Amino acid sequence: MYPPPHHQSHDIEKMISVLKHFPLGMLLTAKDGKPFVTHIPFIYNETSKKLVAHLDRNNPQLETLTENAEVTVVFKGPDTYISPSIYTTPQLPTWNYIIVHVTGRLQLINEPEAIKQTMVDMTKFLEGKEQNFILKKDDPRMERLIDYIQAFEIEITNCEGKFKLSQDKNSQDFENAKEELKRNSQKDVSIFIEEIYKKMT
C-alpha cells in the first residue's frame, strides 16, 4: 500500500478498532496469476490475536485457501470527498479515507465443533450489545450447514493502516476535514437503498 509517512498509521489499537467497527473485509488471494476477491465478515479473536471467518464451499476462491497460504484482507472505514471550500487555506480537491490492510498466514479449521464455535462467536460479535439473536452450538441447523462452509483463521504477520485525514494541513483545516468526514458518514442513504432494491425485483 502506498504509504506517505503522514498518512501511514502504526497504531495497532486504531487498526484493530477499524476491524471491529467495519468487519466486512475483502479477502484477497491468487492462484496461477489469477486474483480472487470475496467480501465476508471477519472477527478479531482477542485471545489468539487472529482473524476468523467462513467461506462458502461453492466459492471458487476456496481452492486458494491452502494451509499456510499468505492472504490479505482489506478493511475499509469511512471515506469522503473533501472540497477545498471547507479549508481556511487554498487547497485542491481530495478524498480522505481510513483503510487497513492485514496480511497473514491462513490456517484451516476443519473440526466440526470448532467450526460451530466460530459461528457462535461471530454471531455474538455481530449481534452487538443487544444480542437480539443467540446462536447455540446445538442448533440443528448448524449440523446441516457445517458441510457447506469452510472456517479458517488468519495469523496476522503484518498490518498497514492508511489514514488519509488531511494530516498535512494546518490544525484548523485538519479539524474541518474531520468534521466533513463525520458529516458525510452520517448521510441518509435510505433513498439510494430503495432504488437498489427496486432494481432487484
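Residues numbered from 1 in each chain as written. Predicted model: local features only at pLDDT ≥ 70, side-chain atom pairs only at ≥ 80, totals over all residues. Heavy atoms only, no water.

Peer 1: Can you break down the pattern of salt bridges residue by residue, with the values?
Peer 2: Working definition: two side chains of opposite charge can pair if their charged atoms are close together. Evaluated as defined, the whole model comprises twelve salt bridges. With a closest N to O distance of 3.0 Å, lysine 178 and glutamate 175 form a salt bridge. Separated by three residues within a single helix, lysine 178 and glutamate 175 lie in helix 4 (residues 171-185), roughly one turn from each other. Among the residues examined, lysine 178 registers a relative accessible area of 37% and is labelled partly exposed. (Salt bridge = Lys/Arg side-chain N within 4 Å of Asp/Glu carboxyl O. Helix = DSSP H or I, 4+ residues; strand = E, 2+ residues; numbered from the N terminus. Buried < 20%, exposed > 50% of the residue type's maximum accessible area, 1.4 Å probe, protein only.)

Peer 1: Summarise a nonpolar patch on the surface; cite the residues concerned and give the values.
Peer 2: On the surface, a cluster of nonpolar side chains totalling about 640 Å² of accessible area is made up of Val189, Phe192, Ile193, Ile196, Tyr197 and Met200. Locating valine 189 in the fold gives a position in the loop between helix 4 and helix 5 (190-200). (Patch = residues over 30% accessible without salt bridge, like charges linked within 9 Å, V, L, I, M, F, W, Y side chains within 5 Å. Areas by Shrake-Rupley, 256 points an atom, 1.4 Å probe, with all protein chains shown as cover.)

Peer 1: Help me get a handle on the layout of surface pockets, residues and values and all.
Peer 2: Here the largest pocket defines a volume of roughly 320 Å³. Lining of the largest pocket is provided by 17 residues; of these, Ile43, Tyr44, Asn45, Val52 and Asp121 occupy positions nearest its centre. Here the lining of the largest pocket is composed, by residue class, of ten nonpolar, three polar and four charged. (1 Å grid on protein atoms, 1.4 Å probe; cavity = no way out; pocket = protein on both sides within 12 Å on 5 of 7 lines; lining within 4 Å. Points joined across faces, edges and corners; volume = space filled by probe spheres on them. Nonpolar A, V, L, I, M, F, W, Y, C, P; charged D, E, K, R; others polar.)

Peer 1: An account of the pairing of strand 6 (residues 70-82) is requested, with residue identities and associated values reported.
Peer 2: Pairing of strand 2 (residues 24-31) with strand 6 involves four bridges; the strand directions are antiparallel. Bridge pairing in strand 6 links methionine 26 to valine 74. (Pairing = 2+ DSSP bridges.)

Peer 1: Got a sec to walk through the packing of aromatic side chains? Specific residues and values, please.
Peer 2: Using the criterion set out here, one finds three aromatic pairs in the structure. Relative to phenylalanine 75, the ring of phenylalanine 42 lies with its centre 5.8 Å away and its plane at 75°, an arrangement referred to as edge-to-face. Here phenylalanine 42, found in the loop between strand 3 (34-41) and strand 4 (43-45), pairs with phenylalanine 75, found in strand 6; they are 33 residues apart in sequence, far enough to count as distant. Judged by relative accessible area, phenylalanine 75 falls into the buried class, the value being 0%. Considering the side-chain rings of tyrosine 81 and tryptophan 95, the 6.4 Å spacing of their centres and the 50° angle between planes classify their relative orientation as tilted. Of this pair, tyrosine 81 sits in strand 6 while tryptophan 95 sits in strand 7 (residues 94-109), placing them 14 residues apart in sequence. (Phe/Tyr/Trp six-rings, centres within 6.5 Å; stacked < 30°, edge-to-face > 60°.)

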